[in-house]
Amino acid sequence: MRRSRFCAALVMLGAMQAARASEAETLALAPDSPRWELQGRAELADYLGRRCLFLDGGVATVKELLLRDGVIDVDVATPAKRGFFGIQFRIQDDGANAEWVYLRQHKSGLPDAMQYTPVLNTGLNWQIFSGPGFTGAAEIPRETWFHLRLVVTGAQAKLYVKDMEQPALVMNDLKSGMQQGQVALAVLTGATYFSNFEVRETPAAAWERHPAPMQPGVLTKWSLSPAYDALARNLEKPLTPAERSAIEWRDAEVEPPGFVVLYRYFEAPHPRVTFQSDFSTRLQPQPGTRVVYARAVIESDRDRVGKLHLGYSDEVSVFLNDEILYRGRSAQSFRDPGFLGIMDSENDAVYLPLKKGPNELLLAVSELGGGWGFICRLADPEQ
C-alpha cells in the first residue's frame, strides 16, 4: 500500500515538474519588452483597449532567441483594407533568408488570403511557390482582435487563424532550407497591431521533406551566368561567341517540380516598378531590372519540332542554336493591373526546331520582383 502511494506521489511530482518546465519554456513578451528589436515603422500603441505593438512597413524581431521547432501565438487586429502581415521564422543572415507566412486583408475569403513564401537572398518567392501548401483561404476580420498560432515542426508548419483546432494553412514542405533562426512579426504594408505574443520551443522533430514530384520531361541540367543590368543588354539578341566564352558559368540545381530558383544564387534586385502603380508606364524601362542567362543542351535523335512547356518569372527570351524564338513578359501587373505573374510550366509553350544531335537552349531571364526563376520541360515526342 505504501509503495503504491509512493509511486502515485512520484507520478504527481513528475507531472508538476513537467508543467513547471512547460511554463518555463514559454516566452511571453509584453509590447514594451526590451527583447523586441524594432525596425521600420514599428512602435508601441494602444488599440481596442490593449497596449500593443503597431507595425506598418516594420518588423519586430525577438532578440536572443534562435528557434528550430516551436509554437508561436499572437493576437492581431487591423483596421487596414489592404495589407500584408504575419510571422517570419527561422530568420538568418540579418533577414536575408527566412520563412514567412502572412495574411492579406484585401484577399479576405479568397483562395490566396494567406500565403507562405521562403525569403531567399532578401527576395520573396510567391510567384514561384503557389497553390496547395503555399496559399489558402481565410476570412480576415477588421477592427477586432483575433488569434494566430504558428506550429513549426521539422520541415513543415501549420498556421491557425481564429480556430485553434483546424489549421487554416498547412505548409507541407518549407523551402528556405533554414533549420533554425530568429522569430519576428512583420508587416509589409497596412496598419496592424499585435498583442499577447508567446513562443514556446518544442523538441526537434525529424527533418522530412515532402517535395512535389518532378514533372515529366523537365530539363534538369542548367548552367547560369552572373547577373547583369538588364537595361544595358539587348535581350533579343543571342550571346556572341566572345561573350559566351568570357562568362564563368556555374551549375544550377533543379528542384521539384522542376524549378530553377534564381534567388538561391543571386541577391534580389528590388527595383522600383512603376507600372504596378501606373499601368500606362508598363512599356517603359524599369531601372534596376537584372538578367541572368541560363543554358542547357537538348540531345535529339533526329531533326524534329519539340514542344517546350515554359514557365518563368518575370521576363524571358528563348534562343535555340543562336536564334531567338520567343520573348515573353509575365511580371506582376504587366498584362493587366490585377495580373500576379504566377509561374507555371503550363502557361506558355515554344516550339523548338531541333536538329539531330546537340542543341543549345539559352534563356535570358529578367527579374522585377516576387520571385526569379524558370521551369522548362519537353513534351514527349510521341505526343
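Residues numbered from 1 in each chain as written. Predicted model: local features only at pLDDT ≥ 70, side-chain atom pairs only at ≥ 80, totals over all residues. Heavy atoms only, no water.

1. Describing the sheet that holds strand β21 (residues 323–329)
The antiparallel open sheet is built from 6 strands, whose spatial order is β16-β15-β18-β23-β20-β21. At either margin of the open sheet sits one strand with a lone partner, and together these are β16 (250–252) and β21. Ignoring strand direction, the axes of neighbouring strands in this sheet form an average angle of 30°. Here strand β15 (residues 222–229) runs beside strand β18 (residues 290–300); their pairing, made up of 5 bridges, is antiparallel. Residue pairing for β18: D229 is matched across the bridge by R290. (Pairing = 2+ DSSP bridges. Helix = DSSP H or I, 4+ residues; strand = E, 2+ residues; numbered from the N terminus. Axes fitted to C-alpha atoms, helices over the stretch in contact; angles between N-to-C directions.)

2. Focus on the packing of aromatic side chains
Considering all chains together, one arrives at 16 aromatic pairs under this definition. For the ring pair W222 and F374, a centre distance of 4.8 Å and an interplane angle of 75° mean the geometry is edge-to-face. Placement of the pair is W222 in strand β15 and F374 in strand β24 (residues 373–378), with a sequence separation of 152 residues. In this structure W222 comes out as buried when scored by relative accessible area, which is 3%. For F374, a relative accessible area of 1% gives the class buried. Through pairs of rings, three or more aromatic residues link up here, namely Y47, F54, W145 and Y193. Note that R233 overlies the ring of Y228, its terminal NZ or CZ placed 4.4 Å from the centroid. (Phe/Tyr/Trp six-rings, centres within 6.5 Å; stacked < 30°, edge-to-face > 60°. Buried < 20%, exposed > 50% of the residue type's maximum accessible area, 1.4 Å probe, protein only. Lys NZ or Arg CZ within 6 Å of the ring centre and 35° of its normal.)

3. A few points about unusual backbone geometry
With the exception of glycine, most residues fall at negative phi, and the peptide bonds are largely trans. With an omega of 5°, the peptide bond running from P256 to P257 counts as cis. Residue D314 is bonded to the preceding S313 through a cis peptide linkage, with omega at 10°. Its location among the elements puts D314 in the loop between β19 (304–313) and β20 (315–320). In the Ramachandran plot, E64 falls in the positive-phi region, its phi being about 55° despite a non-glycine side chain. If you trace the backbone, E64 turns up in the loop between β3 (50–62) and β4 (70–77). A residue is classified by how much of its surface remains accessible, and E64, at 72% relative accessible area, is exposed. For N121, which is not glycine, the phi dihedral falls at a positive 50°. Tracing the backbone shows N121 in the loop between β7 (114–120) and β8 (123–124). Overall, the relative accessible area of 25% leaves N121 in the partly exposed class.

4. Topic: the nonpolar core
Counting 78 residues, the largest nonpolar core has L150, F197, W222, L361, L363 and F374 as its most contacted members. F374 has contacts with W222, G258, F259, V260, L262, A294, G311, Y312, M343, L363 and V365, leaving out every residue within four places of it along the chain. Counting residues in hydrophobic clusters, the runner-up holds 10 residues, among them L235, I247, W249 and Y293. (Core = buried A, V, L, I, M, F, W, Y, C linked by side-chain atoms within 4.5 Å. Contact = heavy atoms within 4.5 Å.)

5. Considerations on the sheet that holds β19
Ordered by their spatial adjacency, 4 strands build an open sheet running β17-β24-β19-β22, and the pairing between neighbours is antiparallel. On the outer flanks of this sheet lie β17 (260–261) and β22 (348–354), each paired with one strand and no other. Direction of pairing for β19 relative to β22: antiparallel, over a ladder of 7 bridges. When the bridges of β22 are listed, L308 appears paired with V350.

6. Details of the confidence of the model for the chain
Summary statistics for the chain give a mean pLDDT of 93 and a share of 93% for residues scoring 70 or more. Note on residues 1–24: pLDDT is under 50 here. Beyond four places in sequence and across chains, it has 1 contact. (pLDDT = per-residue confidence, 0-100.)

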